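# What the coordinates show
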Amino acid sequence: TLADTNEVDAECFARAVADEFSIPEINLQWSAYDNITDSGIAQTLYREKSGKLPTQADIVFLKERFLKYLNDAFDSDPTSFRQIPGASMILDRLSNHPDWSIAYATGSWRDSAIFKLQRARLPFRQIPLSSSDTAIERAVIVKLAIERSRQSYTIKAFERTVFVGDDVWDAKVAI
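Here goes a summary of the coordinates provided. These numbers come from a predicted model, not from an experiment.

## Describing a nonpolar patch on the surface
On the surface, a nonpolar cluster with roughly 280 Å² of combined accessible area is contributed by W100, V162 and V164. Here V162 lies in the loop between α6 (138-152) and α7 (168-174). With relative accessibility at 53%, the residue V162 sits in the exposed group.

So this is what it looks like as structure tokens:
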């Protein structure tokens with residue numbers, strides 16, 4: 001939604017899965033998966049191949065490989081990590097507006113999300129972030145992001161919540 005990294009993200013994720021889980025090809029149509037998050041897709045792929053869930057170590061190695069491939073991709077072509085036009089401006093305006101509190105809710109793993117935000121030159125340090133490190137379901141990730149934003153801004157309750165996404169699975173979560 002904020003960084004235009006879908007293509008490089010998919011390529012690097014598929015390569016990492018091939019290398020770490022020995023699955024040479026995966027379905028890159030993310031909507032085919034029940035949980036459209038890095039953790040959810042990794043669990044599904046591993047379970048389909050082996051009949052069991054991946055261990056914590058399996059996931060750690062996959063995350064590290066994925067991050068390495070993202071780094072290699074950035075070194076090779078920094079333009080594949082651009083921000084969506086206007087993303088910095090809207091984040092800056094919302095961050096500095098007294099009536100808005102913001103948070104990131106991402107289906108990515110935390111380290112890869114921060115890597116992509118950094119490379120796209122988007123702020124991340126002061127903005128609460130919820131990722132698929134803490135939950136595999138997008139709806140849970142969004143709820144955690146809202147709660148982290150509420151805590152970070154020391155607000156008892158929000159009058160309303162605005163959720164911005166870029167695909168059909170985001171619309172489903174927002175309902």
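## Details of the packing of helix α3 (residues 56-76) against helix α5 (residues 110-119)
Where α3 contacts α5, the two axes come as close as 10 Å, and the packing angle between them is 15 degrees. Between α3 and α5, the angle is such that the two are roughly parallel. Once α3 is placed against α5, the crossing between them reads as right-handed. Of the residues in α5, those touching α3 at F66, L67, L70, N71 and F74 are D111, S112, F115 and R119. Taken together, the residues that form the contact of α3 with α5 break down as five nonpolar, two polar and two charged.

## Here's the deal with α3
Since the α-helix packs 3.6 residues into each turn, any two residues three or four apart lie on the same face. Between its terminal C-alpha atoms α3 stretches 30 Å, which fits the 30 Å expected from 21 residues at 1.5 Å a residue. Taken together, the buried positions of α3 are occupied by D58, I59, L62, F66, Y69, L70 and A73. For α3, the angular spread of buried residues about the axis comes to 105 degrees, placing them on one side. Facing away from the buried side of α3, by more than 90 degrees, are the exposed residues Q56 and D75. Tucked inside the fold, the buried residues of α3 contact α1 (6-21), α2 (38-50) and α5.

What counts as what
- Residues numbered from 1 in each chain as written.
- Predicted model: local features only at pLDDT ≥ 70, side-chain atom pairs only at ≥ 80, totals over all residues.
- Heavy atoms only, no water.
- Patch = residues over 30% accessible without salt bridge, like charges linked within 9 Å, V, L, I, M, F, W, Y side chains within 5 Å.
- Areas by Shrake-Rupley, 256 points an atom, 1.4 Å probe, with all protein chains shown as cover.
- Salt bridge = Lys/Arg side-chain N within 4 Å of Asp/Glu carboxyl O.
- Helix = DSSP H or I, 4+ residues; strand = E, 2+ residues; numbered from the N terminus.
- Buried < 20%, exposed > 50% of the residue type's maximum accessible area, 1.4 Å probe, protein only.
- Axes fitted to C-alpha atoms, helices over the stretch in contact; angles between N-to-C directions.
- Parallel < 35°, antiparallel > 145°, perpendicular 65-115°, else oblique.
- Left-handed = near helix turned anticlockwise from the far one by under 90°.
- Contact = heavy atoms within 4.5 Å.
- Nonpolar A, V, L, I, M, F, W, Y, C, P; charged D, E, K, R; others polar.
- Expected span 1.5 Å × (residues − 1).
- Arc of directions from axis to C-beta.

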